[in-house]
Protein chains: 2
Amino acid sequence: MSAESITRVILNNYVPDGTPNPSDFRIETVPAPTADMLRDSELLVRPLYLSCDPYMRNRINGRDGYYIDGLKAAAPIAGLGLGVVEASTSSGFAPGDFVTGGFFDWAQKAIVPAAGFSKVSETDRVSLVDYVGVLGMPSFAAYVGLVTLGKPKKGETLLVSSAAGAVGQMVVQLAKIRGLRVVGVAGSDKKVEFVKSLGADAAFNYKTCGNFEQAIRQAAPEGVDIYFDNVGGEFLDAALMNMRPYGRVAACGQASQYNVTANETYRMDNFLQVINRKLNVTGYVITDHYPTPSFAEFLAEVDEVIGLENGPTALIDVFVGNNFGKRIIRV
Amino acid sequence: MSAESITRVILNNYVPDGTPNPSDFRIETVPAPTADMLRDSELLVRPLYLSCDPYMRNRINGRDGYYIDGLKAAAPIAGLGLGVVEASTSSGFAPGDFVTGGFFDWAQKAIVPAAGFSKVSETDRVSLVDYVGVLGMPSFAAYVGLVTLGKPKKGETLLVSSAAGAVGQMVVQLAKIRGLRVVGVAGSDKKVEFVKSLGADAAFNYKTCGNFEQAIRQAAPEGVDIYFDNVGGEFLDAALMNMRPYGRVAACGQASQYNVTANETYRMDNFLQVINRKLNVTGYVITDHYPTPSFAEFLAEVDEVIGLENGPTALIDVFVGNNFGKRIIRV
Ligand SMILES: NC(=O)c1ccc[n+]([C@@H]2O[C@H](COP(=O)([O-])OP(=O)(O)OC[C@H]3O[C@@H](n4cnc5c(N)ncnc54)[C@H](OP(=O)(O)O)[C@@H]3O)[C@@H](O)[C@H]2O)c1
Ligand SMILES: NC(=O)c1ccc[n+]([C@@H]2O[C@H](COP(=O)([O-])OP(=O)(O)OC[C@H]3O[C@@H](n4cnc5c(N)ncnc54)[C@H](OP(=O)(O)O)[C@@H]3O)[C@@H](O)[C@H]2O)c1
């Protein structure tokens, strides 16, 4: 029997700046890894779906990363996805299990550490592709920031920036289900209307609203209990001035700061409010949360919610271009 | 029997700015409150010791406060202290109980809400006055920030600013007991020596160290797991650049920012690190923590630690002027 061979995608070299070129990668064919190569607590997996995400840009710049470990030059690209276990030396996984959460090599077959992966299954309402779609990483990031870190209580007020984005629109909907008053912020009137159509009690366009601090105050005169921050910078600073005592800030992203040079960084003025208002501010990276109870909770909730409508595949059609990401339907 | 009368201290008027004058207060004699005046969940208390603390300045400025509710003009001054219960309509307290934690009116007798108070007792090692001394508010603030919020693990590295202060020196000692590597920062070489004498593994003078970020890196090349922040501003910004992934920042105070005008506020440059390094930043006010399990844990630990030496009264002699606050001895 001749050895099986697989295709995989290799990062040729680090790409410190600018847009990567196809020549920064190469496709190669190599012998497939086999079960006898597994060390302790590893999985031999066959990826079925691989997710292409913006955060991966930082993993190939060759700089020491804090957020997520960088990838190695001359090694495979790796990212989130969904795969099936072919062999396992971890007691938590058996051949045939579907897994998500951890990093898959971009290869037809790969050996990966079991830590970080979670088992998932297909049901009558959830198909496997949903785990990289409506049940994918942005939705789970919304769940962890809002529920696990934000600890929402019925009747509280939530403010969410980039509310029409993949993460933001899931935040809006999970928050409405929990009986929160939801204020969404987005960058166009069309997005604002979309955010309202998802159930937000108030929404405004940060590009035309004038003074951020006042615009938030007008939309949430009672103050903000949870700020789900997707943008950072000046808007975060303004949000701090609107937080109620014991408020929580889920620091998910800082879209306003990703593309600025070092001396253009927005400098925060209102950090003293963290003490004055007894705030809790938590930064997180979603990959850390797949092996925690939050993932099962998230699946149970979103499964239920989306199942009540036409099933997840119908929902995936709801995507309205890149900026409108994924949505769930409240029944 | 003629009605008992009591003396109390009244805030005559708000004092928005500047140093308060004696004429901003008045002493009055009024009939004593009595047990039959108690509503639900209230205590009739006789304060034994009342604590004079800098934070009280903010309570009399008449501005809407977030940190701690302001006092009312023409009503008694109130603050932390230690008192004895004379009557109670709260199931948690009985006549004769000693209590601390909540706010006592500055009066010989007062009716106060039971919420916020905790029972304490005199032991062979702890005398009542210790609850406003070595077991007082700054020490408890150290405990809550370091232990309850910082969640220290043996072998981790702690950075603490204003390390020679009342709060800071307790942080240093509680951290050494827990097997942390401790880096202390203070504003004079004498204070730096004092911080080292308390057991800090490294300490430096922030006034002469040059670049903060580099000075921290030199003292903690392995990075910082917990930053206990007493000063805020530029030093906090530099600390963020030295945090290890999943680091915690206990936001206790911002001494560097209290006396600056609005446009002198230090503007933070490194807030993106909260996400990049997955940090948890928590602001807190110590009065919130008296009715929590942290208070009993704190008493048990500090009681034990100080008891091993010459007892708390001996320790109170260790005070080395205002800036050297309170200390405990590690045995
Ligand atoms: N912590 C984690 O593990 C984790 C996981 C997933 C995503 N994230 C982060 O979460 C955020 C949302 O992710 P997403 O996938 O849902 O992206 P998204 O919100 O769909 O897309 C980013 C959006 O950011 C907004 N934006 C861009 N520049 C801005 C600026 N200067 N000021 C304000 N808004 C600006 C834009 O929306 P407008 O048109 O409304 O301006 C843009 O559509 C991102 O910051 C992302 O990095 C974090
Ligand atoms: N959250 C709470 O519930 C709570 C409770 C108690 C205290 N606190 C806060 O905790 C902090 C420590 O309290 P404490 O009672 O122990 O006071 P402390 O540290 O004994 O006294 C304040 C110290 O701050 C330092 N300082 C002053 N200006 C500074 C500046 N511009 N930059 C850096 N350091 C400066 C000075 O020490 P150096 O000589 O070292 O500069 C000064 O001795 C204070 O910020 C206080 O407001 C908070």
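Definitions and cut-offs
- Residues numbered from 1 in each chain as written.
- Chains lettered and ligands numbered in written order.
- Predicted model: local features only at pLDDT ≥ 70, side-chain atom pairs only at ≥ 80, totals over all residues.
- Heavy atoms only, no water.
- Buried < 20%, exposed > 50% of the residue type's maximum accessible area, 1.4 Å probe, protein only.
- Helix = DSSP H or I, 4+ residues; strand = E, 2+ residues; numbered from the N terminus.
- Least-squares fit on C-alpha atoms with pLDDT ≥ 70 in both.
- Contact = heavy atoms within 4.5 Å.
- Salt bridge = Lys/Arg side-chain N within 4 Å of Asp/Glu carboxyl O.
- Buried area = accessible area lost by both parts, 1.4 Å probe.

The name given to chain A in an unreviewed UniProt entry is Alcohol dehydrogenase zinc-binding domain-containing protein, with Linderina pennispora as the source organism.

## Regarding helix 2 (residues 137–149) of chain A
In terms of burial, helix 2 of chain A is a largely internal element, 12 of the 13 residues being buried. All of the buried residues in helix 2 of chain A are A:Met137, A:Pro138, A:Ser139, A:Phe140, A:Ala141, A:Ala142, A:Tyr143, A:Val144, A:Gly145, A:Leu146, A:Val147 and A:Leu149.

## A word on the relation of the copies chain B and chain A
Once turned by 180° and shifted 0.0 Å along the axis, chain B lies on chain A with an RMSD of 0.1 Å. Overall, the copies show the geometry of a two-fold rotation axis. Counting the interface residues of chain B, we find that 100% of their copies in chain A are interface residues as well, pointing to one common contact surface.

## Comments concerning unusual backbone geometry
What is expected of a backbone is that most residues other than glycine have negative phi and most peptide bonds are trans. Of note, B:Ser41 is a non-glycine position whose phi angle comes to about 55°, a positive value. Looking at where B:Ser41 falls in the secondary structure, it is placed in the loop between strand 2 (25–31) and strand 3 (42–50).

## Considering the pattern of salt bridges
Residues and elements named next belong to chain A. One pass over the structure, following the stated rule, counts 30 salt bridges over all chains. For lysine 109, the salt bridge identified is with glutamate 4, shortest N-O distance 3.0 Å. With lysine 109 in the loop between strand 7 (104–105) and strand 8 (110–113) and glutamate 4 in the segment before strand 1 (5–11), this residue pair connects regions lying 105 residues apart in the sequence. Residue lysine 109 is classed as buried on the basis of its relative accessible area of 10%. Of the charged contacts, one joins arginine 39 and glutamate 42 as a salt bridge, the two residues approaching to 3.2 Å between their closest N and O atoms. Through salt bridges with shared partners, a single ionic network connects Glu4, Arg46, Glu86 and Lys109.

## Some remarks on the interface of chain B and chain A
Contacts between chain B and chain A engage 32 residues on the former and 32 residues on the latter. Where chain B abuts chain A, roughly 3,000 Å² becomes buried across the two surfaces, and 58% of that area is made up of carbon and sulfur atoms. A per-residue breakdown of the area chain B buries against chain A is headed by B:Tyr66, B:Phe271 and B:Ile275, which together make up 25% of the total. Where chain B touches chain A, the interface holds two salt bridges.

## A closer look at the environment of B:Arg46
All names here are of chain B. Assignment of secondary structure puts arginine 46 in strand 3. In this structure the C-alpha to C-alpha distance between arginine 46 and isoleucine 111, which are 65 residues apart in sequence, comes to 9.0 Å. Not counting residues within four places of it along the chain, the set of residues in contact with arginine 46 comprises Gly83, Val84, Glu86 and Gln108.

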